[in-house]
Amino acid sequence: MENVLRPLLVVGGSLVMTLVLGWVVDVLLRRADARHHETPLWGLLRRCRPPLQVVLGTALLRATFSQIRVDVVRNHREVIGQLLTLVLIAASAWLVLRVAATVVESSYARYASASRDAARVRRVRTQVTLIQRVVTAVVATVTIAAMLLTFPAMRTVGTSMLASAGVVGIVAGVAAQSTLGNLFAGFQIAFGDMVRLGDTVVVDGEWGTIDEITLTFLTVRTWDDRRITMPVSYFTSQPFENWSRGGVQMTGTVYFQLDHSAPVPAMRDALRDILGECAAWDGRDWSLAVTDTTPTTIQLRAVVTAKDADDIWTVRCAVREQMIAWLRDHHPYALPRVVTAPASLPPGDHWTALTGADNGRPAADGRGPERDMTPRTGRG
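Residues numbered from 1 in each chain as written. Predicted model: local features only at pLDDT ≥ 70, side-chain atom pairs only at ≥ 80, totals over all residues. Heavy atoms only, no water.

1. Some details on the overall build of the chain
- What the chain contains, in helices and strands, is 13 helices and eight strands.
- When burial is assessed residue by residue, the chain has 29% of its 380 residues classed as buried.
- Counting only contacts in the chain whose residues sit at least 6 apart along the sequence, the fraction spanning at least 24 positions is 63%. (Helix = DSSP H or I, 4+ residues; strand = E, 2+ residues; numbered from the N terminus. Buried < 20%, exposed > 50% of the residue type's maximum accessible area, 1.4 Å probe, protein only. Contact = heavy atoms within 4.5 Å.)

2. Let's talk about the sheet that holds strand E8 (residues 298-306)
- A sheet is described by the order of its strands in space; here three strands give the open sequence E6-E8-E7, paired in antiparallel fashion. Sheet topology places strand E6 (250-258) and strand E7 (281-293) at the edges, where each strand pairs with a single neighbour. Taken pair by pair, the neighbouring strands of this sheet meet at an average axis angle of 20 degrees, ignoring direction.
- Where E7 and E8 come together, eight bridges link them in antiparallel fashion. From the neighbouring strand, Trp 286 faces E8, where its bridge partner is Val 304.
- Contacts between helix H12 (residues 309-330) and the sheet are confined to E6, E7 and E8, with E6 contributing the most and set at about 20 degrees to the helix. (Pairing = 2+ DSSP bridges. Axes fitted to C-alpha atoms, helices over the stretch in contact; angles between N-to-C directions.)

3. Points about the sheet that holds strand E2 (residues 206-213)
- The five strands lie next to each other as E4-E3-E2-E1-E5, forming an open sheet whose pairing is antiparallel. The sheet is open, and its two edges are formed by strand E4 (227-231) and strand E5 (241-242), each paired on a single side.

4. A closer look at the pairing of E8
- Counting buried residues in E8 gives eight out of nine residues, a clear majority hidden from the surface.
- Counted between consecutive antiparallel strands, the loop separating E7 from E8 contains four residues.

5. Let's talk about the packing of helix H11 (residues 264-276) against H12
- Two elements in contact, H11 and H12, have axes whose closest approach is 10 Å; the angle formed by their N-to-C orientations is 135 degrees. The orientation of H11 relative to H12 falls into the category oblique. Note that H11 runs across H12; the crossing there is right-handed. The residues of H12 that touch H11, namely those facing Ala 266, Met 267, Ala 270, Leu 271, Ile 274 and Leu 275, are Val 315, Ala 318, Val 319, Gln 322, Met 323, Trp 326 and Leu 327.
- Taken together, the residues that form the contact of H11 with H12 break down as 12 nonpolar, one polar and no charged. (Parallel < 35°, antiparallel > 145°, perpendicular 65-115°, else oblique. Left-handed = near helix turned anticlockwise from the far one by under 90°. Nonpolar A, V, L, I, M, F, W, Y, C, P; charged D, E, K, R; others polar.)

6. Points about the nonpolar core
- With 28 residues, the main nonpolar core has Phe 256, Leu 258, Met 267, Leu 300, Val 315, Val 319 and Met 323 as its most contacted residues.
- Only E6, H11, E8 and H12 provide two or more residues apiece to this core.
- If sequence neighbours within four positions are ignored, Leu 300 has contacts with Val 254, Tyr 255, Phe 256, Leu 258, Val 264, Met 267, Leu 288, Ala 289 and Val 290.
- Ranked by size, the runner-up nonpolar core spans 13 residues in total, among them Leu 130, Val 195, Val 203 and Leu 218. (Core = buried A, V, L, I, M, F, W, Y, C linked by side-chain atoms within 4.5 Å.)

7. Details of the pairing of strand E1 (residues 200-203)
- Of the two faces of E1, both are covered, the one formed by Thr 200 and Val 202 as well as the one formed by Val 201 and Val 203.
- Two strands pair when backbone bridges link them, and E1 and E2 are joined in this way by four bridges, in the antiparallel orientation. Bridge pairing links Val 201 to Gly 208 in E2.
- Counted between consecutive antiparallel strands, the loop separating E1 from E2 contains two residues, among which Asp 204 sits at a positive phi close to 55 degrees.

8. Overview of the environment of Glu 105
- Summarising the element assignment, Glu 105 is placed in helix H5 (residues 77-114).
- Sequence spacing of Glu 105 and Arg 125 is 20 residues, and the spatial spacing of their C-alpha atoms is 9.3 Å.
- Those residues in contact with Glu 105 that sit more than four places away from it in its chain are Leu 44 and Arg 47.

9. Looking at the pattern of salt bridges
- Under the defined criterion, the tally for this structure stands at 13 salt bridges.
- Note that Asp 308 is salt-bridged to Lys 307, the shortest N-O span being 2.9 Å.
- We note a salt bridge from Asp 329 to Arg 328, for which the minimum N-O separation is 3.2 Å.
- Relative accessible area serves as the criterion here: at 52%, Asp 329 is assigned to the exposed category.
- Sharing partners across several salt bridges, the network here consists of Asp 211, Arg 221, Asp 225 and Arg 227. (Salt bridge = Lys/Arg side-chain N within 4 Å of Asp/Glu carboxyl O.)

10. So, the environment of Lys 307
- Take Lys 307: it is sitting in the loop between E8 and H12.
- Of note is the side chain of Lys 307, whose polar atom sits 3.3 Å from the side chain of Asp 311. (Polar contact = N/O pair within 3.5 Å; in protein donor to acceptor, adjacent residues only side chain to side chain.)

11. A word on unusual backbone geometry
- Positioned with a positive phi, Asp 225 is a non-glycine residue whose angle comes to about 65 degrees.
- Relative to the helices and strands, Asp 225 is located in the loop between strand E3 (217-222) and E4.

12. Topic: the state of the cysteines
- Evaluation of the coordinates by the stated rule reveals zero disulfides.
- Free of any disulfide, Cys 278 has its nearest cysteine sulfur in Cys 317, 10.0 Å distant. (Disulfide = S-S within 2.5 Å.)

13. Quick notes on helix H3 (residues 49-64)
- Relative to the 22 Å expected for 16 residues at 1.5 Å per residue, H3 spans 22 Å between its end C-alpha atoms, a close match to the ideal helical length.
- Of all the residues in H3, the buried ones are Pro 51, Gln 53, Val 55, Gly 57 and Thr 58. (Expected span 1.5 Å × (residues − 1).)

14. What about the confidence of the model for the chain?
- Predicted confidence across the chain gives a mean pLDDT of 76, with 71% of residues reaching 70 or more.
- Within the model, the stretch residues 171-177 combines pLDDT values under 50 with one contact to residues more than four positions away or in other chains.
- For the stretch residues 359-380, pLDDT sits under 50, and the model shows 17 contacts to residues farther than four places along the chain or on other chains. (pLDDT = per-residue confidence, 0-100.)

Okay, here's the thing in structure tokens:
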């Protein structure tokens, strides 16, 4: 009978204590969250209840499993202890990562709600994201090392590994040169404020938004929902356009190639009416000016503004479409066209000097220059 009750008491008691302690912690966090509405930290910490219960339950079983007087447990005590130790280390790492993520998320939420500068909020979000990834990598490395060191054989191997760590470090540094370069470039981007999550950029002729930043690569989401993955080192070694740098307000241009007879003053009035009906225009500024001329056309540049990159694209497309339609309906003569006319030959003396042919002398009937009717063979 004792062989049955003792395992039930040890396992059941550990389980009950784990559930009770987890419930008590959850109640305390809930009350703290109700008292402090200004910070979401206490409410977010309630998500740490599962790893906390795993840590508590594993620790209690690790401390009391030796009291189970069963032959199976007695014969495999070292294996069971080793397994519980590994679970305890992994659960502790899980709890540390969950607490760190909760603290970071709470701090970012408070900063985002208190700050009105969208660019600075994106900068902080980029930094906390990369910091969280670094913490995750460090905790994972320490956890794996701690789990390996629980094996007696690995402790002996560790001594020899430390002796050759210098050589291994040099070899690894040479082999992972590009990876380490991207790693340091990731820190430079995070704390150098070169690019942030949500920034509108143009890289390699592609227009898009920064969708993800890691320690080694960066993802740009294009306007057609494609994802371009690029190494982080590209942004520290190559020039690129950041349309969100210094503010999200944008100024765009629309060019028109028109005939010299285009009614520029009337076009300014039409542009003002078009922008007045365009919801994407922010009303800051607009203009229309002749910026260039050619023998057949003139170039007009319309300048418009919008609150961000998406709206400036909408405004430019609307101005281009509606202005061309207005010219087509009201001033079609202003649209560029190909003008043809009969060629005028130079006077006879000049023509003779240029070609060596006397095609400029008057014809016998006096009605025009006499043409040379000799058949052309194409041989000279």
